[in-house]
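Results of the structural survey
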Amino acid sequence: MAALSSPALLLNMEGAANNSTVSASAAPSISATPAGDAATPSSAATRFDAAHIAEVKAWLNSVFAAAGKDVPEFEYTPRTVTHLHAIASISQSRTQAASIVAADLREKAAEFRSQAARVREIVESAGLAQENLSQSAVTSAQTLANVAHLLNLKDVETSSFIVAMGDLALRKIDVQEKRLKAQKESKMLLDNTRKAIARLTYLKRTLAQLEEEVANREGPMTQWQTNLKIMASKERQYLQQLANCKALLSRVGYTPEISHGVLMQMVEHRKELERKTKPILDTLRSYQDLPPDKALAELAIEDKRQEYEAAEKYLEEALQSALNTPSE
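Residues numbered from 1 in each chain as written. Predicted model: local features only at pLDDT ≥ 70, side-chain atom pairs only at ≥ 80, totals over all residues. Heavy atoms only, no water.

Considerations on the overall build of the protein
- Across its full length, the protein holds 7 helices and 0 strands.
- Across the protein, helices and strands are ordered from the amino to the carboxyl terminus as α-α-α-α-α-α-α.
- Restricting the contact set of the protein to residue pairs at least 6 apart, pairs at least 24 apart contribute 80%.
- As displayed, the protein has an accessible area near 25,000 Å², and 58% of this comes from carbon and sulfur atoms. (Helix = DSSP H or I, 4+ residues; strand = E, 2+ residues; numbered from the N terminus. Contact = heavy atoms within 4.5 Å. Areas by Shrake-Rupley, 256 points an atom, 1.4 Å probe, with all protein chains shown as cover.)

Structure below.
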């Protein structure tokens with residue numbers, strides 16, 4: 001690389017000088033800005049004077065003359081003059097800036113040419129002129145110059161190439177990291193997409209099953225609705241019958257005190273009274289075996305009558321107390 005550094009540097013400097021010359025020749029001489037990009041002054045600052053019109057006409061003549069065309073006819077109004085004057089000012093400032101850049105590029109090109117000539121003299125004095133080199137050496141030097149130009153190097157020193165290669169390695173690592181990150185994100189998005197597709201398939205299958213179940217259960221549902229209507233009609237009928245029964249019970253004098261529990265208590269009291277009156281009846285029957293003595297019979301009958309009346313009175317009181325007792 002050290003042996004080929006001088007020819008490669010010469011070739012690189014000549015390429016840079018040519019590029020600078022092309023850039024300088026390609027620099028724009030006039031830069032026109034659309035009317036929408038120009039800053040429109042306020043109505044208070046708009047002036048329609050002859051100085052602005054003269055400047056606008058001069059600028060239009062120079063622009064159209066450079067393009068080889070005539071200036072079209074149009075009406076000079078305050079608004080058009082203001083816009084065109086603003087465009088002319090911006091175009092002239094940009095043209096001046098481009099001229100400065102072009103002059104700088106021409107100066108750099110001249111410096112590159114002079115440096116290339118000086119390096120060529122040094123190379124020729126060292127016996128390393130291009131015509132003295134083999135074809136492979138010239139090709140290698142040209143390749144080295146192209147690589148240096150591609151890497152944007154100012155020289156072809158080994159240190160410059162090492163720094164450029166290190167920069168490329170860092171960029172490569174950065175690109176690889178970004179690529180790995182993009183691959184991970186892509187994989188994650190792919191997994192999420194697959195999960196979403198599986199979920200969508202499951203939901204579609206579930207929807208189809210539900211639609212099938214709805215179609216299968218429409219018949220039973222219709223039957224249930226009919227049964228509900230029948231049951232509602234029966235309910236109204238039973239409620240009407242219940243109201244009629246309550247009215248009937250009210251007419252016959254039914255009270256809440258007369259219940260099954262009260263009737264069962266009355267039956268129990270009746271059985272208890274029958275149990276108590278049975279010995280009395282047996283005693284009365286035993287009197288039938290007495291001798292026919294009228295006085296004694298009348299006395300005995302009177303006693304039995306009194307006992308019987310007392311028993312009846314007790315029975316009536318028991319029944320009355322049972323009726324007056326509220327049902328639980």
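Anyway, onward from the coordinates.
Concerning the packing of helix α2 (residues 50-67) against helix α3 (residues 78-125)
- Across the interface, α2 lies against α3 with an axial gap of 9 Å and an inter-helix angle of 55°. Accordingly, the angle class assigned to the pair α2 and α3 is oblique. Between α2 and α3 lies a crossing whose hand is left-handed. In contact with His52, Ile53, Glu55, Val56, Trp59 and Leu60 of α2, α3 contributes Val81, Leu84, His85, Ile87, Ala88, Ser91 and Gln92. (Axes fitted to C-alpha atoms, helices over the stretch in contact; angles between N-to-C directions. Parallel < 35°, antiparallel > 145°, perpendicular 65-115°, else oblique. Left-handed = near helix turned anticlockwise from the far one by under 90°.)

A short note on the packing of aromatic side chains
- Applying the stated criterion across every chain yields a total of 1 aromatic pair.
- With a centroid separation of 4.5 Å and 45° between ring planes, the pair formed by phenylalanine 74 and tyrosine 76 is classed as tilted.
- Judged by its relative accessible area of 25%, tyrosine 76 is partly exposed.
- In this structure, lysine 57 is placed above the aromatic ring of tyrosine 76, and the distance from its NZ or CZ to the ring centre is 5.1 Å. (Phe/Tyr/Trp six-rings, centres within 6.5 Å; stacked < 30°, edge-to-face > 60°. Buried < 20%, exposed > 50% of the residue type's maximum accessible area, 1.4 Å probe, protein only. Lys NZ or Arg CZ within 6 Å of the ring centre and 35° of its normal.)

Here's the deal with the nonpolar core
- Core analysis: the biggest nonpolar cluster contains 8 residues, these being Ile53, Val56, Trp59, Leu60, Val81, Leu84, Ile87 and Ala88.
- Of all the elements in the fold, those that place two or more residues in this core are α2 and α3.
- Discounting chain neighbours no more than four positions away, the residues touching leucine 60 are Val71, Phe74, Tyr76 and Leu84.
- Grouped together as the second largest cluster of nonpolar side chains are 6 residues, Leu144, Ala148, Leu153 and Val156 included. (Core = buried A, V, L, I, M, F, W, Y, C linked by side-chain atoms within 4.5 Å.)

Details of the side chain of serine 160
- Looking at where serine 160 falls in the secondary structure, it is placed in helix α5 (residues 158-251).
- For serine 160, a relative accessible area of 16% puts it in the buried group.
- Once you skip the residues sitting within four places of it in the chain, serine 160 turns out to touch Leu153 and Asp155.

Comments concerning the environment of glutamine 265
- Within the fold, glutamine 265 resides in helix α6 (residues 260-287).
- Judged by relative accessible area, which is 36%, glutamine 265 ranks as partly exposed.
- Sequence separation of glutamine 265 and leucine 323 is 58 residues, and the distance between their C-alpha atoms is 9.3 Å.

Focus: a nonpolar patch on the surface
- A contiguous nonpolar patch, built from Leu248, Leu249 and Val252 and spanning about 270 Å² of accessible area, is present on the exposed surface.
- For leucine 249, the location among the structural elements is in helix α5.
- Leucine 249 gets classed as partly exposed once you look at its relative accessible area, which sits at 38%. (Patch = residues over 30% accessible without salt bridge, like charges linked within 9 Å, V, L, I, M, F, W, Y side chains within 5 Å. Salt bridge = Lys/Arg side-chain N within 4 Å of Asp/Glu carboxyl O.)

What to know about the layout of surface pockets
- The space that makes up the second largest pocket amounts to roughly 160 Å³.
- What lines the second largest pocket is simply Arg270, Leu273, Glu274, Thr277, Ile280, Leu281, Tyr308, Ala311, Glu312 and Leu315.
- Among the elements that take part in the lining of the second largest pocket, α6 stands out by supplying 6 residues, more than any other.
- Here the lining of the second largest pocket is composed, by residue class, of 6 nonpolar, 1 polar and 3 charged. (1 Å grid on protein atoms, 1.4 Å probe; cavity = no way out; pocket = protein on both sides within 12 Å on 5 of 7 lines; lining within 4 Å. Points joined across faces, edges and corners; volume = space filled by probe spheres on them. Nonpolar A, V, L, I, M, F, W, Y, C, P; charged D, E, K, R; others polar.)

Here's the deal with a negative patch on the surface
- A cluster of like negative charges, contributed by Glu309, Glu312, Glu316 and Glu317, occupies part of the molecular surface.
- Within the element layout of this structure, glutamate 309 appears in helix α7 (residues 294-324). (Lys, Arg positive; Asp, Glu negative; His and termini not counted. Charge placed at Lys NZ, Arg CZ, Asp CG, Glu CD.)

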